[in-house]
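# Breakdown of the fold
In case you want the letters, here they are:
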Amino acid sequence: MSGSATRWATPPELLRQAVSQLTPPFGVLDDAALRANAADLVRRAAGKPIRLATKSVRIRSLIRRTVDTPGFAGLLAYTLPEAVWLHGNGFDDIVVGYPTADRDAVAELADTAEAAAAITVMIDDPAQLDLIDAVRPPGSRPTIRVCIELDAGYRPAAGLHLGAFRSPVHTPSALVALARTVHSRAGFELVGIMAYEGQIAGVGNAGRGPRARVVRAMQRRSAAELAGRRSAAVAAVRDIADLEFVNGGGTGSLETTAAEDAVTEVAAGSGLLGPGLFDHYRAFRPSAASFFVLPVVRRPARRVATLAGGGWIASGPPGADRLPVLADPPGLRYLAAEAAGEVQTPVRGRAAGRLRVGDQVWLRHAKSGEPAEHLQRVHLVADGAVTETWPTYRGEGQVF
């Protein structure tokens, strides 16, 4: 992917100068972009607190700084082991965004009243409660806090499901039945509801072509349908349990989700770093805050330069939009026969002809948290200098 869509908060020449003496590969965070993006997320949330999605960050120092920013409150972790680790490092109010089958992590959660009070597990099936009870039965552990997930997918016709296949619980009546199950079981406390509308939050809708118009129409109809269904489900469950929170949304749907009276908080994370996939949204445009830098190691042809490594392909359906964005120097393009490779990435174009062995090329990952799986540390640049160097999860020896 070309870097023509990159929105720079700091001129690239200043970022380059700040890290010119570092040896690639390395990661860079633009402090000005991070702060601007955080402020814009808070603006878009319109007064609803933002629960930070840690899977989109995976850098503990940045998680701490962001959750301490006014407008943010609490974490949405992606695994129970991660939540237990974060709690051990001083974080509280952690909701695990996905069900767990990790028995060791369940045992750690149940070891102390402090961990059980700080972490909320996610369920969408009584079998997930059974697994917890099999590890530590009621009476031998603290009460476990539970959030139940409502499927937020859009079903405009029989057999058609738009959105991620997450919870099997789609209707208000099904959510009520699950809420009653949780409420009636010893050793569990129902404290929250979550619904993630991936077909709105996670699908780019910019452009004037037919596809973009169809996507925007689908998202409008889905938002209206979900608002009514979520409101009815939340009201019915509140008759059963005293809910502490109702979580919804994602970076791409903050405005529509925050506008719902039934929702008490929204979730976001990727918008903080502004990855490549967010170049294709109409209602908002984050600045590029996260980069990784690779060296030129070969010049196989006059207008071809080869980078070391580079095959940091984003998860999800395979396609060109999952490739890293070639951000700087501008004008670089992938070779169709190789694209971004495990051990080398040839790039072409007039700009490639000016590159020499040892030069640096800046890229942006299509998604925000996944670069931390490749990097041990990232360098924070502010006012033209590296001000801090932060370990990633990987740099701290953690892979979740």
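Here, every reference points to the structure presented above.
Below is a short write-up of the structure. (Residues numbered from 1 in each chain as written. Predicted model: local features only at pLDDT ≥ 70, side-chain atom pairs only at ≥ 80, totals over all residues. Heavy atoms only, no water.)

### So, the overall build of the protein
The helix and strand inventory of the protein stands at 13 helices and 19 strands. The C-alpha atoms of the protein give 22 Å as radius of gyration, which agrees with the globular expectation for 400 residues (21 Å, within 12%). Its C-alpha atoms put the protein at 70 × 50 × 35 Å along the principal axes. Out of the 400 residues belonging to the protein, those deemed buried represent 55%. For the protein, restricting intrachain contacts to residue pairs at least 6 apart in sequence, the fraction spanning at least 24 positions comes to 69%. When the accessible surface of the protein is totalled, it reaches about 16600 Å², and 52% of it is carbon and sulfur. Treating the 45 positive side-chain charges of the protein as one cloud and the 40 negative ones as another, the clouds have centres 12 Å apart. (Helix = DSSP H or I, 4+ residues; strand = E, 2+ residues; numbered from the N terminus. Rg over C-alpha atoms; globule rule 2.2 N^0.38 Å. Buried < 20%, exposed > 50% of the residue type's maximum accessible area, 1.4 Å probe, protein only. Contact = heavy atoms within 4.5 Å. Areas by Shrake-Rupley, 256 points an atom, 1.4 Å probe, with all protein chains shown as cover. Lys, Arg positive; Asp, Glu negative; His and termini not counted. Charge placed at Lys NZ, Arg CZ, Asp CG, Glu CD.)

### Some thoughts on the sheet that holds strand β4 (residues 94–96)
Each strand in a sheet pairs with another by means of backbone hydrogen bonds, the pair being arranged parallel or else antiparallel. Taken together, 8 strands build a closed barrel; the order of strands is β2-β3-β4-β5-β6-β9-β10-β11 and the barrel is parallel. The mean angle between the axes of side-by-side strands here comes to 30°, regardless of whether they run parallel or antiparallel. Pairing of strand β2 (residues 50–53) with strand β3 (residues 72–77) involves 3 bridges; the strand directions are parallel. Pairing of Ala53 across the sheet is with Leu76, part of β3. The strands touched by helix α8 (residues 172–184) within the sheet are β5 (119–123), β6 (144–149) and β9 (188–195), with β6 carrying the most contacts at an inclination of about 170°. (Pairing = 2+ DSSP bridges. Axes fitted to C-alpha atoms, helices over the stretch in contact; angles between N-to-C directions.)

### Remarks on the pattern of salt bridges
Throughout the structure, instances matching the rule amount to 23 salt bridges. Across the pair Asp31 and Arg65 runs a salt bridge, and its minimum N-O distance is 2.6 Å. With Asp31 in helix α2 (residues 31–45) and Arg65 in helix α3 (residues 60–67), the pair connects residues that are 34 residues apart, well separated along the chain. The partner of Asp93 in a salt bridge is Arg51, and the shortest N-O contact between them spans 3.1 Å. In this pair, Asp93 is assigned in the loop between α4 (80–88) and β4 and Arg51 in strand β2, connecting sequence segments 42 residues apart. According to the relative accessible area criterion, Asp93 is partly exposed, its value standing at 37%. On the basis of relative accessible area, Arg51 is assigned to the buried category, the value being 2%. When salt bridges that share partners are traced, they join Asp130, Asp133, Arg141 and Arg185 into one network. (Salt bridge = Lys/Arg side-chain N within 4 Å of Asp/Glu carboxyl O.)

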